[in-house]
Amino acid sequence: MNIRVLGAHGSDLLVNGPTSPHICRSVGFLVNEELMVDAGTLASGLTLDEQKRITHILLSHLHLDHVKGIPPLVDNMSGRVDHQIVVASLPSVLVGLQKHVFNDLVFPNFFHLPKSQYAMLRGEELEPKREWRLPGRVRVTPIPVNHTVETAGFIIQDDEVAWIYSGDTYVTETLWQEAARIPNLKGVFIEVSFPDSMKDMASRSKHLTPTLLAHEYRKIGKPDLPLYVYHMKPTVRDQIIDEIRHLDIPHVTILTEGQEVNF
């Protein structure tokens, strides 16, 4: 399973890198060239031909940094593809997406345009803990996690491998209990948004810090499981990275834009 990192951060910002500026983009992961896992960055990270291959978008929750890439995608794809793009999420997320984004005020409602029977977007309601099968081999199971709005993490797998995507979360339990039972689990993507010095902000906004990350990761009970960190707020990115380096986790990768992960 191939995962392309289009966006790895909790916001967008141009930051100074060691040799040149680096653009931090909101979270978005392209799986096997067809499935988007969250869509904070989408059209701005892909060519037109790459966008045409997208058939499904999986949303963990409704917050803007996870959905804002969808409007430019449908704008680009309108009249250029002959398939619907399936947006799959919890029912409350699909309702909110049409109420607050695709509402014909903020943006045209492409769940009904250009014609209701051939709309560009089609919603697919996901039920917590119930497996959803995409065309082909990929299967997704949403697991509720602990955030300020209704949010799901995901178990994403095919016949050979599985990986975990935490979504935005604070201290949670069920996702890690499920992860511990997966025999072919190859990696876990866990968010970290703030450094430990901002633990009060993390608690109020229901996000993780490096210390909490280590606590959550160890609940899985697989100390050699590769850990991939994303959703860092760009303004405190360096602090978070420094703190993660001091954690006693042997296989940890700080994700950044342009990376690929293969399981």
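Rules of the game
- Residues numbered from 1 in each chain as written.
- Predicted model: local features only at pLDDT ≥ 70, side-chain atom pairs only at ≥ 80, totals over all residues.
- Heavy atoms only, no water.
- Pairing = 2+ DSSP bridges.
- Helix = DSSP H or I, 4+ residues; strand = E, 2+ residues; numbered from the N terminus.
- Phe/Tyr/Trp six-rings, centres within 6.5 Å; stacked < 30°, edge-to-face > 60°.
- Buried < 20%, exposed > 50% of the residue type's maximum accessible area, 1.4 Å probe, protein only.
- Axes fitted to C-alpha atoms, helices over the stretch in contact; angles between N-to-C directions.
- Contact = heavy atoms within 4.5 Å.

A. Fine view of the sheet that holds strand β14 (residues 227-230). The sheet built from seven strands is open, its strands ordered β9-β10-β11-β12-β13-β14-β15 with mixed pairing. Only two strands of the sheet have a single neighbouring strand rather than two, namely β9 (132-133) and β15 (252-254).

B. Fine view of the packing of aromatic side chains. Applying the stated criterion across every chain yields a total of twelve aromatic pairs. With a centroid separation of 5.5 Å and an interplanar angle of 85°, the aromatic rings of Phe29 and Tyr230 are classed as edge-to-face. Of this pair, Phe29 sits in strand β4 (residues 28-31) while Tyr230 sits in strand β14, placing them 201 residues apart in sequence. Just as Phe29 is buried, Tyr230 falls in that class too.

C. View of the pairing of strand β3 (residues 21-24). Bridge analysis of strand β2 (residues 13-16) against β3 gives four bridges, and the strand direction is antiparallel. Note on β3: the bridge partner recorded for Leu14 is Ile23. Between β2 and β3, which pair antiparallel one after the other, the connecting turn spans four residues.

D. Structural view of the sheet that holds strand β6 (residues 56-58). If you trace the seven strands from one edge of the open sheet to the other, you get β8-β7-β6-β5-β4-β1-β16, paired in mixed fashion. Only two strands of the sheet have a single partner each, and these edge strands are β8 (121-125) and β16 (260-262). Put simply, the sheet's adjacent strands are angled 25° from each other on average, direction ignored. Pairing analysis gives five bridges linking strand β7 (residues 85-89) to β8, with the strands arranged parallel. Residue Val87 lies in a different strand from β8, and its bridge partner there is Gly123. Contacting β7 and β8, helix α4 (residues 91-100) runs over the sheet at an angle of about 125° to β7.

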